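Single-letter residue listing:
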Amino acid sequence: MMDTGSLYDLTPVAWLMAAGVLIALGPLVWVWRRNAGAGPARRLHALTVLTLFLTFDLTLFGAFTRLTDSGLGCPDWPGCYGNASPVGARHEIAMAQSAQPTGPVTHSKAWVEMVHRYLATGVGVLILALAGATWAVRRRQRRMPPAPADGEHATLSAWWPALTLAWVCLQGAFGALTVTWKLFPAIVTLHLLGAVVLLVLLCIQAVRYRQAAADRLPTPVSPALRSGLIATSALLLLQIALGGWVSTNYAVLACTQFPTCQGSWWPPMNFAQGFEIWRHLGVTGSGVPLDFSALTAIHYVHRLMAYAVFAALGVLAWQLRRTPPLRPQARWLAGLALLQLATGLGNVLLGWPLVAAVLHTGGAAALAVVLTWTLCESRRGAVAATAHETDKAPGAPHNNQREAAA
């Protein structure tokens, strides 16, 4: 008779969850003690901002894991050769490393992969705590309606944290598939996009909680500017997907020149092979090795799209400067766009150095966060022709204050 107990050993799962709880416990205690006397919206804002920061760090560490080829450092999931950590898998790792000294499984790569899993579980616990705390606040609010003068509860919503919790569970599933499907390019790219969406969801909550705590409305902007924000955000998301496709197919070094590629403005490119989505790494759907021209197509499309995104970010930053409450976002967008340009050129001209590659991923994620921040802090509305000049006058009230006075 088959021993079913060995087939369903939950020990690695239990240890992984325990590690996540321990990692999340420190930030949770720190946030609640530091904001003990604050209102619920301020406490939730503080916890969301901290979770957003740690999720951004996790995204950077995920890029580091991928770029150091540590994604298969432990080729099973959630443990490492059925153990809670590489310590218990020393023998299996040593055997794999002796068979392939430069292969995907080494002691250092196993630790990188498992630390990434521990941190991801910790972020998941924080998001679970955030969802639970928000639902508890909403439950108390329904029992005790706020006073008319108390605007803190105006924009508190429990649905955003619930959606974020569902999304982080989906993201964990993609993380498991990344390993079990042996770095299948489409899955790895979706995992990267999932991390960006998670950052966006947390940013939306952070801004909404801050607005609720301050009883403040978003800044009205012209319909054209609002449409430009949405269009630039869509362009950026497409560019991040293309960048993920470049990275997961290891196509960065297909072009080592700039602005030309392989000595040409239009090198030989196989778009059909390069953008065949459902295939294993390095081969076509029929199992034939990818042509180098396919990697060139992947790289060059990302480069061409980068020109459009950089121009759109520049125009958007310039337009945002004309709205005083949104000038911080304008400066962030301009700075991050320049960082992306520098790190992108560094990857091409310097042979894909690790620091530049990680910063390039981080810059893209940061741009997504800043654009989300800008979208949440603005709304489509009528803007007076003299609004900008009025805002420049000493002691002039902001748009929200003028609306409240009206």
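Residues numbered from 1 in each chain as written. Predicted model: local features only at pLDDT ≥ 70, side-chain atom pairs only at ≥ 80, totals over all residues. Heavy atoms only, no water.

**Q** Would you explain the overall build of the protein in this entry?
**A** The secondary structure content of the protein amounts to 14 helices and 2 strands. Relative to its full complement of 406 residues, the protein shows a buried share of 46%. Sequence-distant contacts in the protein: of pairs separated by 6 or more residues, those separated by 24 or more amount to 78%. Within the structure as shown, the protein displays about 20,000 Å² of accessible surface, and the carbon and sulfur contribution to it stands at 69%. (Helix = DSSP H or I, 4+ residues; strand = E, 2+ residues; numbered from the N terminus. Buried < 20%, exposed > 50% of the residue type's maximum accessible area, 1.4 Å probe, protein only. Contact = heavy atoms within 4.5 Å. Areas by Shrake-Rupley, 256 points an atom, 1.4 Å probe, with all protein chains shown as cover.)

**Q** Would you mind showing me how to read the packing of aromatic side chains here?
**A** This model, assessed by the stated rule, comprises 8 aromatic pairs. Look at W135 and W159: their rings are 5.4 Å apart centre to centre, the planes differ by 80°, and that puts the pair in the edge-to-face class. Here the residue W135 occupies a position in helix α5 (residues 107-143), and W159 occupies one in helix α6 (residues 159-180), the gap between them amounting to 24 residues. Residue W135 is classed as partly exposed on the basis of its relative accessible area, which comes to 34%. With 6.3 Å between their ring centres and 35° between their planes, W266 and F271 make a pair best called tilted. The class of W266 is exposed, set by a relative accessible area of 56%. A relative accessible area of 36% means that F271 is categorised as partly exposed. By way of ring pairs, the aromatic residues W181, F184 and W278 are connected into one cluster. In this structure, R321 is placed above the aromatic ring of W318, and the distance from its NZ or CZ to the ring centre is 5.0 Å. (Phe/Tyr/Trp six-rings, centres within 6.5 Å; stacked < 30°, edge-to-face > 60°. Lys NZ or Arg CZ within 6 Å of the ring centre and 35° of its normal.)

**Q** Please explain the nonpolar core as it appears in this structure.
**A** As a rule of thumb, nonpolar side chains are buried together in soluble globular proteins. Among the nonpolar cores identified, the biggest contains 26 residues, and L44, L52, I127, L130 and L202 are the most heavily contacted of them. Only α2 (11-34), α3 (40-67), α5, α7 (185-214) and α12 (354-376) provide two or more residues apiece to this core. Within the second largest apolar cluster, 25 residues are counted, among which are A330, A337, A364 and L371. (Core = buried A, V, L, I, M, F, W, Y, C linked by side-chain atoms within 4.5 Å.)

**Q** Would you explain the side chain of T374 in this entry?
**A** By secondary structure assignment, the location of T374 is in helix α12. Setting aside its immediate chain neighbours within four residues, T374 contacts L229, L320 and Q329.

**Q** Where do I start with the state of the cysteines in this structure?
**A** Structurally, a disulfide amounts to a covalent bond that connects the sulfur atoms of two cysteines. In the structure shown here, the tally under the stated rule is 2 disulfides. Here C74 is linked by a disulfide to C80, with a sulfur-sulfur distance of 2.1 Å. Handedness of the C74-C80 disulfide follows from its S-S torsion of about -80°: it is left-handed. Residues C74 and C80 agree in their burial class; the two are buried. (Disulfide = S-S within 2.5 Å.)

**Q** Is there a simple way to think about a nonpolar patch on the surface in this case?
**A** Among the surface-exposed residues, F258, W265, W266, F271, L304, Y307, L349 and L350 lie close enough to one another that they form a single nonpolar patch of about 900 Å² accessible area. Structurally, F271 is set in helix α9 (residues 271-274). (Patch = residues over 30% accessible without salt bridge, like charges linked within 9 Å, V, L, I, M, F, W, Y side chains within 5 Å. Salt bridge = Lys/Arg side-chain N within 4 Å of Asp/Glu carboxyl O.)

**Q** Could you clarify how one ought to interpret the pattern of salt bridges in this entry?
**A** Pairs may arise between side chains of opposite charge once their charged atoms sit close together. According to the stated counting rule, one finds 2 salt bridges in the structure shown. A salt bridge links R216 to E377; its shortest N-O distance comes to 2.8 Å. Placement of R216 in the loop between α7 and β1 (219-221) and of E377 in the loop between α12 and β2 (378-380) is noted, with a sequence separation of 161 residues between them. Overall, the relative accessible area of 26% leaves R216 in the partly exposed class.

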